[in-house]
Amino acid sequence: MATRFDPIRDLDRFFSEVTRTPNATTLPMDLYRDGEVFVARIDMPGVDPSSIDVDVEDRTLTVRARRESEVADKDVKWLTRERTNGTYARQLTLGNRVALDRIRADYSDGVLTLTIPVAEEARPRKISVSHAAGQTSPEVVESSSSDDPRSPGLDS
């Protein structure tokens, strides 16, 4: 039985595999398919763009970024502290149906946008059926032997 390839489900599962370190936090993400590309939009508020690292090695895509507190070294009295600092990381394993060499990453307004193209060989295709008019169909040869156990004949 063949397994149905569902790239959205597979990418979503892969994106949800988070690299967990003591300071790691999850990266909220939207993931969708737009034509022949998958788009992942990952929220990274307050992250210095120079700290963002996106790499692909052996079909594993890793996104890392670091957010530092502006007052971490100051002697202050915190009233509330809800904004997390430290290393953000997310790791996913990509299938063989995406074009690894054409992945793009753009960071703007606190959002990292990954554009992951579908590989050419994974795109749906329409197969044309050729038809030659006037040609005869191949001959069907009937077996007269009913002793052959492989014979798909009817029992009378």
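Above this text you will find the structure in question.
Scope of this entry: the structure provided in the associated data block. Only a predicted model underlies this, so the values are computations on that prediction, with no experimental measurement involved. (Residues numbered from 1 in each chain as written. Predicted model: local features only at pLDDT ≥ 70, side-chain atom pairs only at ≥ 80, totals over all residues. Heavy atoms only, no water.)

Observations concerning the pattern of salt bridges
What the rule picks out here adds up to four salt bridges. Between Glu 36 and Arg 33 there is a salt bridge whose closest N-O contact spans 3.4 Å. By relative accessible area, which is 34% here, Arg 33 ends up partly exposed. Among the charged side chains, a network of salt bridges with common partners joins Asp 53, Asp 55 and Arg 64. (Salt bridge = Lys/Arg side-chain N within 4 Å of Asp/Glu carboxyl O. Buried < 20%, exposed > 50% of the residue type's maximum accessible area, 1.4 Å probe, protein only.)

Focus on the sheet that holds strand 6 (residues 104-108)
A sheet is described by the order of its strands in space; here four strands give the open sequence 1-2-7-6, paired in antiparallel fashion. The sheet is open, and its two edges are formed by strand 1 (29-34) and strand 6, each paired on a single side. Averaged over neighbouring strand pairs, the angle between their axes works out to 15 degrees when direction is ignored. Pairing between strand 6 and strand 7 (residues 111-117): five bridges, direction antiparallel. Pairing of Arg 104 across the sheet is with Thr 115, part of strand 7. (Pairing = 2+ DSSP bridges. Helix = DSSP H or I, 4+ residues; strand = E, 2+ residues; numbered from the N terminus. Axes fitted to C-alpha atoms, helices over the stretch in contact; angles between N-to-C directions.)

Thoughts on the layout of surface pockets
Estimates place the volume of the largest pocket at around 200 Å³. If you go around the largest pocket, the residues you meet are Gly 46, Arg 67, Glu 68, Ser 69, Glu 70, Trp 78, Thr 80, Arg 81, Glu 82, Arg 83 and Asn 85. Class assignment of the residues belonging to the lining of the largest pocket gives a composition of one nonpolar, four polar and six charged. (1 Å grid on protein atoms, 1.4 Å probe; cavity = no way out; pocket = protein on both sides within 12 Å on 5 of 7 lines; lining within 4 Å. Points joined across faces, edges and corners; volume = space filled by probe spheres on them. Nonpolar A, V, L, I, M, F, W, Y, C, P; charged D, E, K, R; others polar.)

Quick notes on the nonpolar core
Among the nonpolar cores identified, the biggest contains 20 residues, and Ile 42, Met 44, Val 63, Leu 112 and Leu 114 are the most heavily contacted of them. Of all elements in the fold, only strand 1, strand 2 (37-43), strand 4 (60-67), strand 5 (86-93) and strand 7 reach the threshold of two or more residues within this core. (Core = buried A, V, L, I, M, F, W, Y, C linked by side-chain atoms within 4.5 Å.)

Notes on the sheet that holds strand 5
The strand order across the open sheet built from three strands is 3-4-5, with neighbouring strands paired in antiparallel fashion. One side of each edge strand has no neighbouring strand; the edge strands of this open sheet are strand 3 (53-57) and strand 5. Pairs of neighbouring strands in the sheet enclose a mean axial angle of 15 degrees, with direction left out of account. Pairing of strand 3 with strand 4, which is carried by five bridges, proceeds in the antiparallel orientation. Residue pairing for strand 4: Asp 53 is matched across the bridge by Arg 64.

Thoughts on the pairing of strand 7
Burial analysis of strand 7 places seven of its seven residues in the buried class, the great majority of the element. Because side chains alternate across strand 7, one face comprises the buried residues Val 111, Thr 113, Thr 115 and Pro 117, and the other comprises Leu 112, Leu 114 and Ile 116, equally buried. As paired elements, strand 2 and strand 7 share seven bridges and run antiparallel to each other. The residue bridging Arg 41 from the neighbouring strand is Thr 113, located in strand 7. What sits between the antiparallel neighbours strand 6 and strand 7 is a turn of two residues, in which Asp 109 has the positive phi angle 55 degrees.

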